[in-house]
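Below are the chains, spelled out letter by letter.
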Amino acid sequence: MSERIIRVLIAKPGLDGHDRGAKVVARALRDAGFEVIYTGLRRTPEQIATAAVEEDADAVGLSLLSGAHNHLFPKVVQLLKEKGADDILVFGGGIIPHEDIPGLKAAGIKEIFTSGTPTADIIDFLRKQFD
């Protein structure tokens, strides 16, 4: 990884109250040398986009298990664009059907990591994006 520390905001949009996966990813990224900001549960897309800008995040990782990913993930991307922060990389993960992934990517989500993805894959992906 380059000398610059990459700042990653991990967020749980919507009403999904399950955050184990998000915490596992946050811890793995931290242990790999990333600076991690965890927003906690039940955040609105507006809160997430605002926090990403205020925290000067390089990337936003969205985690969702509730099935609202097709609405909430693109909304975060849209709000970042509206705030002039479309250079912030957005990736997502959770319980996401494979057939939804192309639409999410078309909406600006750089990558989707489905349940069970090794954290090393997420770390490698982010390192490649910022090297």
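Provided above is the structure to which this section pertains.
**Q** Explain the nonpolar core to me, please; I cannot follow it from the model alone.
**A** Across soluble globular proteins, nonpolar side chains have a tendency to be buried as a group. With 25 residues, the main nonpolar core has Leu 9, Val 60, Leu 62, Phe 73 and Leu 80 as its most contacted residues. Of all the secondary-structure elements, those providing two or more residues to this core are strand 1 (7-11), helix 2 (45-54), strand 3 (59-64), helix 3 (69-82) and helix 4 (101-106). Among the elements that take part in this core, helix 3 stands out by supplying six residues, more than any other. Ranked by size, the runner-up nonpolar core spans 19 residues in total, among them Val 25, Ala 26, Leu 29 and Leu 89.

**Q** Could you clarify how one ought to interpret the environment of Pro 13 in this entry?
**A** The topology assignment puts Pro 13 in the loop between strand 1 and helix 1 (20-31). In sequence terms Pro 13 and Lys 105 are 92 residues apart; their C-alpha atoms lie 17 Å from each other. Setting aside its immediate chain neighbours within four residues, Pro 13 contacts Arg 43, Ile 48, Leu 62, Ser 63, Leu 64, Leu 72 and Phe 73.

Calculation rules
- Residues numbered from 1 in each chain as written.
- Predicted model: local features only at pLDDT ≥ 70, side-chain atom pairs only at ≥ 80, totals over all residues.
- Heavy atoms only, no water.
- Core = buried A, V, L, I, M, F, W, Y, C linked by side-chain atoms within 4.5 Å.
- Buried < 20%, exposed > 50% of the residue type's maximum accessible area, 1.4 Å probe, protein only.
- Helix = DSSP H or I, 4+ residues; strand = E, 2+ residues; numbered from the N terminus.
- Contact = heavy atoms within 4.5 Å.

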